[in-house]
Amino acid sequence: MHFDYELTDKLGTRATIGLVTLQSDETIEHDMRRMLPLDGVAFYVSRVESAPEVTEETLARMESHLTGSARLFPLPAEFDAVGYGCTSGTSVIGAARVAEMIVAGCRTAAVTEPLSALISACEHLGVKRLAFLSPYVEEVSATLRAAVNRAGIETPVFGSFNEESEDAVARIAPQSIIAAAEALAAKGGFDALFMSCTNLRTLDVIEEIEDRIGVPVLSSNQVLGWHLCRLSGISMAGRFGRLTA
């Protein structure tokens, strides 16, 4: 039997958002699905080959794979915004180059990543000095802080879990993140605290840390979700810290 059928609207009647995330990332998709609204918003994810260890060398290798990953999105999709889900990778490859590689692979009005999203969030909140919590080894952390500093944002307070393995980063316990954030906050001299890495489970501890230290708390996934929504002209699905209030 052959049936007649009608065509209806695309899923993204309000917005269409894409995410290129790392093969090694276990956290960001879960977080994004909590932050992005479902009603009329299409959300598509592709992955880029990445190493299980975070070093400047392994991060740089992703550059050549970004266009291929963007080409794996549904071909008819026309995106309002596409995010690249790697904070440290952006600092090594460069935000402009990330955008260039993704635009070469899909149709999108905008490209963002956690570094550009963080800079935009700091401008939105009037933040000039960040307490910076990183899970990365020293060389990766230094490159990322330098990129933030070039945007006119100081990072006078810094601490790290000094972890190279993505598997371990994805499993750092919430209480460990809270304790590290409070230890940094005790040093003072900053306007907001930033917790870097899309694989770090920060979304559920942001507001608790804000309550404890009394300043805005930002994280890679939170600022990326916020920026994707702003670029797409929609509001986030819920509140995740003062940034999203």
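Residues numbered from 1 in each chain as written. Predicted model: local features only at pLDDT ≥ 70, side-chain atom pairs only at ≥ 80, totals over all residues. Heavy atoms only, no water.

Caption draft 1: Region of the structure containing the overall build of the protein chain. Scanning the protein chain from terminus to terminus reveals 11 helices and 10 strands. The C-alpha atoms of the protein chain give 18 Å as radius of gyration, which agrees with the globular expectation for 245 residues (18 Å, within 12%). Its C-alpha atoms give the protein chain principal-axis dimensions of roughly 70 × 40 × 30 Å. Considering only intrachain contacts with a sequence separation of at least 6, the fraction spanning at least 24 residues in the protein chain is 79%. Total accessible area on the protein chain is roughly 11,100 Å²; 48% of this is exposed by carbon and sulfur atoms. Averaging the locations of the 20 positively and 32 negatively charged side chains of the protein chain gives two centres separated by 4 Å. (Helix = DSSP H or I, 4+ residues; strand = E, 2+ residues; numbered from the N terminus. Rg over C-alpha atoms; globule rule 2.2 N^0.38 Å. Contact = heavy atoms within 4.5 Å. Areas by Shrake-Rupley, 256 points an atom, 1.4 Å probe, with all protein chains shown as cover. Lys, Arg positive; Asp, Glu negative; His and termini not counted. Charge placed at Lys NZ, Arg CZ, Asp CG, Glu CD.)

Caption draft 2: Structural detail: the packing of helix α9 (residues 174-185) against helix α10 (residues 206-213). Put simply, α9 and α10 touch, their axes get as near as 10 Å, and they point 30° apart. With respect to α10, the element α9 is oriented roughly parallel. Our pair here, α9 against α10, has a crossing hand that is right-handed. Between α9 and α10, the contacting residues are I177, I178, A181, E182 and A185 on the first element and E208, I209, R212 and I213 on the second. Of the residues contributing to the contact of α9 with α10, the split by class is 6 nonpolar, no polar and 3 charged. (Axes fitted to C-alpha atoms, helices over the stretch in contact; angles between N-to-C directions. Parallel < 35°, antiparallel > 145°, perpendicular 65-115°, else oblique. Left-handed = near helix turned anticlockwise from the far one by under 90°. Nonpolar A, V, L, I, M, F, W, Y, C, P; charged D, E, K, R; others polar.)

Caption draft 3: Just the packing of helix α1 (residues 28-35) against helix α11 (residues 220-232), in detail. Their axes nearest at 10 Å, the elements α1 and α11 cross at an angle of 45°. Viewed along their axes, α1 and α11 adopt a mutual orientation that is oblique. Along this stretch, α1 crosses α11, giving a crossing that reads as right-handed. Contacts from I28, D31, M32 and M35 in α1 reach N221, Q222, L224, G225 and L228 in α11. In the contact of α1 with α11, the residues fall into 5 nonpolar, 3 polar and 1 charged.

Caption draft 4: Inspection of the nonpolar core at higher detail. In this structure, Y84, L130, M195 and I209 are the most contacted members of the largest nonpolar core, which totals 81 residues. Excluding residues within four positions of it along the chain, I209 makes contact with I177, I178, A181, M195, G214 and V217. (Core = buried A, V, L, I, M, F, W, Y, C linked by side-chain atoms within 4.5 Å. Buried < 20%, exposed > 50% of the residue type's maximum accessible area, 1.4 Å probe, protein only.)

Caption draft 5: Highlighting the sheet that holds strand β1 (residues 15-22). Strands sit in the order β2-β1-β4-β6 across an open sheet of 4 strands; the sheet is parallel. One side of each edge strand has no neighbouring strand; the edge strands of this open sheet are β2 (41-48) and β6 (111-112). As paired elements, β1 and β2 share 8 bridges and run parallel to each other. Counterpart to T21 in the pairing with β2 is R47. Of the strands in this sheet, β1, β2 and β4 (81-85) are in contact with α1, which crosses β2 at around 170°. (Pairing = 2+ DSSP bridges.)

Caption draft 6: A look at a negative patch on the surface. Residues E53, E138, E139, E164 and D167 make up a contiguous surface patch of negative charge. Among the structural elements, E164 can be located in the loop between β8 (154-160) and α8 (166-169). (Patch = residues over 30% accessible without salt bridge, like charges linked within 9 Å, V, L, I, M, F, W, Y side chains within 5 Å. Salt bridge = Lys/Arg side-chain N within 4 Å of Asp/Glu carboxyl O.)

Caption draft 7: Main features of the side chain of T108. Looking at the secondary structure, you find T108 in strand β5 (residues 107-108). Owing to a relative accessible area of 18%, T108 belongs among the buried residues under this scheme. A polar atom in the side chain of T108 sits 2.7 Å from the backbone oxygen of A110. Residues within four places of T108 in sequence aside, it is in contact with F79, D80, A81, V82 and V103. (Polar contact = N/O pair within 3.5 Å; in protein donor to acceptor, adjacent residues only side chain to side chain.)

Caption draft 8: Broad picture of the packing of aromatic side chains. Summed over the entire model, instances satisfying the criterion amount to 4 aromatic pairs. Centroid distance F132 to F158: 6.0 Å. Interplanar angle 40°. Geometry classified as tilted. Separated by 26 residues along the polypeptide, F132 in strand β7 (residues 129-134) and F158 in strand β8 bring together distant segments of the chain. Through a chain of ring-to-ring contacts, three or more aromatic side chains come together here, namely Y44, F73 and F79. (Phe/Tyr/Trp six-rings, centres within 6.5 Å; stacked < 30°, edge-to-face > 60°.)

Caption draft 9: Geometry of the pairing of strand β9 (residues 192-195). Residues A192 and F194 of β9 are buried on one face, and the alternating residues L193 and M195, pointing to the opposite face, are buried as well. Where β7 lies against β9, 4 bridges are found, and the strand directions are parallel. Of the residues in β9, the one forming a bridge with A131 is L193. Alignment of β9 against strand β10 (residues 217-219), held across 3 bridges, turns out to be parallel. Its bridge partner lying in β10, F194 is registered against L218. Note on the crossover from β9 through α10 to β10: the handedness is right-handed. (Right-handed = clockwise from strand over helix to strand, strands pointing away.)

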